[in-house]
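Topology and contacts: notes
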Amino acid sequence: MKIAFFSSEVFPFAKTGGLADVCGSLPKNLAKEGCQVKIFMPFYKNINPENFYDGFATTRVTENLEVVFIRNDSYFFRDYLYTTPSGDYPDNLERFSFFCKKVFEVLKKIEFSADIFHTNDWQTSLVNIYLKILYKNDKFFKGAKSILTIHNLAYQGIFSKEKFSCLGIDEEYFSPSYLEFYGKINLLKGGIIFADMVNTVSPTYSRQIQTKEFGCGLESVLRQRKDRLWGVLNGIDVEIWNPCQDSFIYQRYSSSSIEEKYINKVKLREELGLRKDENIFLLGMVTRLAEQKGIDILIKALDKILEKYQLVVLGTGDEVYHQQLEKKAKNRGEVFSLNLKFDETLAHKIYAASDVFLLPSRFEPCGLSQMISYRYGTIPIVHHTGGLADTVKDYSRGGGGFVFKRYHPKALLEAIMRAEALFKSDRKEWISLMKKVMEYDFSWQKTAKDYIKMYEKCLSLD
Ligand code: ADP
C-alpha cells in the first residue's frame, strides 16, 4: 500500500508537541509493516535534507520511507512553526494553503500515486479538501482515498472570510455545509467534511468530541460523520524513550536495575539546584503551558504542593502562565525548578528522575507523557479524561497510576497525597509498581496495524 502522509511537524525534523512524535513514529512503523510511505512537511529552518530539487528536498529514512520537504523560504524559514510569543503568524492560511497545493504538484513530479492520503490536524486538512475538489477528475489521483487524523480539536485553523480567495476553490464552498464556521473559514471542519474517514487519537476522545462539552463547536459535524469516525490510541517510540539506552539521562537503567533510577533523581536535583533530601517526593511535568493542560488547577494547588514536595516544570506556552508560575517560583528555588523553554534533553532527564509525573489536563486527546513516564518507571498522576482515561487506571483498581475525576485543585492534591502515602509507607510496593508500569507495552507496532486496518477499510468505501 502506498501512503502519502502530511504533517506540519515531524520528529526529529521539527517539533512543538505530541503531533511531531506521532508523525515521526507512525510512518516509520507503517514502513516496517511493508507500506511505502512518503512524509510531506514544510522545509523549515535548521532542517538539512540530503537531496535538493526545484521547490522541494528529500531525505530517505529507510527503504520504504522518505521525507519530502516542501520549500518556500519566505513562508517556512522562520524562528517558530506557527506562533511567536506575541501571537500567531498572520499569514498562516497562506503558508499552509501553499503547502497543501504544492504537495499535489510534487506527488506528480516524483510519480508517487498514493492509495491513501493521510493528513494531520488543520494545517494539512486542505489536502483532503483539494483531493476532492481540485483533483477529483485527475487520473493521477484516481481511486485515492483520504484520512484526517485529529490530534487536537481545540486547534481548528480559523481565519477571516476575506482570505477565502487564497484557498483557490470556488466561493460556493464558503457555506455552512462546507468550510464556513460562524462567518469564518474553518479548515479543520472542511477536512472533516471532505475526508473519506476521520480518526482521533484515543477511543474516549473520539466519543467525547461528539458532545457539546468537548466538541469545540464541531460536535454536530462530527456526529454526522459518526460511521466514519474512529479512535485509534497513539503509541510511543520505544527506541527514543528507552531508559536502558537513553543517552540524555544521567544513569541508564532497566526494571531489573531500578534502584539506579534514583541516581537520576539525585543528579537532576543537583543540576537544577533543588534541596538534597532523599525522602522528598519529586514531581515532574513536561508540557505545553496551555489551558488544556490543567495549568490553572496546578497553579491553584501549587502553594500546598510546595509545602511538602519538590516540583520540576519544563514548558513553554501562554505568557500568562509564564508570569504566574514565575511569581510562584520566586524565592522557592530549593523546592521548585521552573524551566520555561523547550528542551529535549531536560525532558528526558525529568522523565527519568521524577517519582511521579503530573498530567492534570482539562481535556487530553491522547497524551504521550503518561506512556513515556511508564517507560521510565515514573508513576503518572492524571485527570480522568480522553486518552488519559484509556491509558491510566487507578492504583486502587490494580492500575499503574493515580487518577482524579473532579477537575479541581483539591482533587489533584489528593491524588498526589495518595501517591506519596504509598511511596513513603511501603517502599517495596512502590518499587514493584514502578517495575510493573515499565513493562506496559505502548509501542507503535500494534497501533500501526490498526492504522493499516483503517486504510483498508477506507479503500473499500465507495
Ligand atoms: P501535546 O501534543 O498536547 O503537547 P502530548 O502529551 O501528546 O501533548 O505530547 C507532548 C510531547 O511534547 C511529549 O513528547 C513531551 O515530552 C514533549 N514536550 C512538551 N513540552 C516540552 C518542552 N518544553 N520541552 C521538551 N519536550 C516537550
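The structure displayed is predicted, hence computed values, not measured ones.

**Considering the environment of Pro12**
Relative to the helices and strands, Pro12 resides in the loop between strand S1 (2-6) and helix H1 (18-32). Using a relative accessible area of 59% as the deciding quantity, one classes Pro12 as exposed. Sequence separation between Pro12 and Tyr321 is 309 residues; the distance between their C-alpha atoms is 27 Å.

**Things to note about the sheet that holds strand S11 (residues 180-181)**
Taken in spatial order, the three strands line up as S10-S12-S11 in an open sheet, and their pairing is antiparallel. Taken across any chain shown, the strands that pair with only one partner, and hence form the sheet edges, are strand S10 (158-160) and S11. Across three bridges, S10 lies against strand S12 (residues 184-186) in antiparallel orientation. Looking at the pairing, Ile158 lines up with Asn186 of S12. Sheet strands in contact with helix H5 (residues 187-194) are S10, S11 and S12, and its direction is about 50° off that of S12.

**Some thoughts on the packing of helix H4 (residues 121-133) against H5**
Where H4 contacts H5, the two axes come as close as 8 Å, and the packing angle between them is 45°. Taken as axis vectors, H4 and H5 run oblique relative to one another. Here H4 runs over H5; the crossing is left-handed. Contacts between H4 and H5 involve Asp121, Trp122, Ser125, Leu126, Asn128, Ile129, Lys132 and Ile133 from the first element and Leu187, Leu188, Gly190, Gly191 and Phe194 from the second. Here the contact of H4 with H5 is built from residues that sort into seven nonpolar, four polar and two charged.

**Remarks on the sheet that holds strand S18 (residues 356-359)**
Pairing within the open sheet is parallel, and its six strands lie in the order S17-S16-S15-S18-S19-S20. On the outer flanks of this sheet lie strand S17 (336-339) and strand S20 (402-404), each paired with one strand and no other. Each neighbouring strand pair of the sheet contributes to a mean axis angle of 15°, computed without reference to strand direction. Bridging between strand S19 (residues 379-383) and S20 involves three bridges; their strand directions are parallel. Each bridged residue has a counterpart across the sheet, and for Val382 the counterpart in S20 is Val403. In the packing of helix H10 (residues 319-329) onto the sheet, contacts are made with strand S15 (282-289), strand S16 (310-317) and S17, and the angle to S17 comes to roughly 150°. Here helix H14 (residues 409-425) sits on the sheet and contacts S15, S18, S19 and S20; the angle it forms with S20, its principal contact strand, is near 160°.

**A few points about the packing of helix H9 (residues 295-308) against H14**
When two helices pack together, their arrangement is given by the angle between their axes and by how far apart the axes lie. Running from amino to carboxyl end, H9 crosses H14 at an angle of 35°, the nearest separation of the two axes being 8 Å. The chirality of how H9 crosses H14 is right-handed. Where H9 approaches H14, its residues Ile297, Leu298, Lys300, Ala301, Lys304, Ile305 and Lys308 are matched on the opposing element by Pro409, Leu412, Leu413, Ile416 and Glu420. For the contact of H9 with H14, the per-class residue count stands at eight nonpolar, no polar and four charged.

**Focus on the environment of Tyr205**
Among the secondary structure elements, Tyr205 is positioned in helix H6 (residues 203-208). C-alpha of Tyr205 to C-alpha of Leu153: the two residues are 52 residues apart in sequence and 9.7 Å apart in space.

**Focus on the layout of surface pockets**
When its volume is computed, the second largest pocket comes out at roughly 270 Å³. Contributing to the lining of the second largest pocket are 23 residues, with Phe11, Gly24, Ser25, Lys28 and Ile240 lying nearest its centre. Broken down by secondary-structure element, the contributors of at least two residues to the lining of the second largest pocket are H1 and strand S5 (65-70). Its residues assigned to classes, the lining of the second largest pocket shows 15 nonpolar, three polar and five charged. Of the residues that make up the lining of the second largest pocket, three or more belong to each of domain 1 (2-235 + 445-459) and domain 2 (255-440).

**Describing the pairing of strand S13 (residues 197-200)**
Because side chains alternate across S13, one face comprises the buried residues Met197 and Asn199, and the other comprises Val198 and Thr200, equally buried. With four bridges joining them, strand S9 (residues 145-150) and S13 adopt parallel strand pairing. Bridging from a neighbouring strand, Leu148 pairs with Val198 of S13. Pairing between S13 and strand S14 (residues 229-231): three bridges, direction parallel. Looking at S14, one finds that Thr200 is bridged to Gly231.

**Digging into the domain arrangement of the chain**
As assigned here, the chain comprises domain 1 (2-235 + 445-459) and domain 2 (255-440). With centres defined by C-alpha atoms, the gap from domain 1 to domain 2 works out at 32 Å. Listed by partner, the interface residues are 20 residues for domain 1 and 18 residues for domain 2. In this assembly, domain 1 packs against domain 2 so that about 1400 Å² is buried in total across both faces, 61% of it on carbon and sulfur atoms. It is Lys15, Thr204 and Leu233 that lose the most area in domain 1 upon contact with domain 2, and together they represent 24% of the buried surface on that side. With its nearest N and O atoms 3.7 Å apart, the salt bridge here joins Lys15 to Glu344. Summed over the shared surface of domain 1 and domain 2, the result is seven residue pairs in polar contact (both at pLDDT 80 or more). Per element, the largest residue contribution to the side of domain 1 that touches domain 2 is four residues, and it comes from H6. Each residue belonging to the side of domain 1 that touches domain 2 can be placed in one class, and the counts come to nine nonpolar, nine polar and two charged.

Rules behind the numbers
- Residues numbered from 1 in each chain as written.
- Predicted model: local features only at pLDDT ≥ 70, side-chain atom pairs only at ≥ 80, totals over all residues.
- Heavy atoms only, no water.
- Helix = DSSP H or I, 4+ residues; strand = E, 2+ residues; numbered from the N terminus.
- Buried < 20%, exposed > 50% of the residue type's maximum accessible area, 1.4 Å probe, protein only.
- Pairing = 2+ DSSP bridges.
- Contact = heavy atoms within 4.5 Å.
- Axes fitted to C-alpha atoms, helices over the stretch in contact; angles between N-to-C directions.
- Parallel < 35°, antiparallel > 145°, perpendicular 65-115°, else oblique.
- Left-handed = near helix turned anticlockwise from the far one by under 90°.
- Nonpolar A, V, L, I, M, F, W, Y, C, P; charged D, E, K, R; others polar.
- 1 Å grid on protein atoms, 1.4 Å probe; cavity = no way out; pocket = protein on both sides within 12 Å on 5 of 7 lines; lining within 4 Å.
- Points joined across faces, edges and corners; volume = space filled by probe spheres on them.
- Domains from an automatic or database assignment.
- Buried area = accessible area lost by both parts, 1.4 Å probe.
- Salt bridge = Lys/Arg side-chain N within 4 Å of Asp/Glu carboxyl O.
- Polar contact = N/O pair within 3.5 Å; in protein donor to acceptor, adjacent residues only side chain to side chain.

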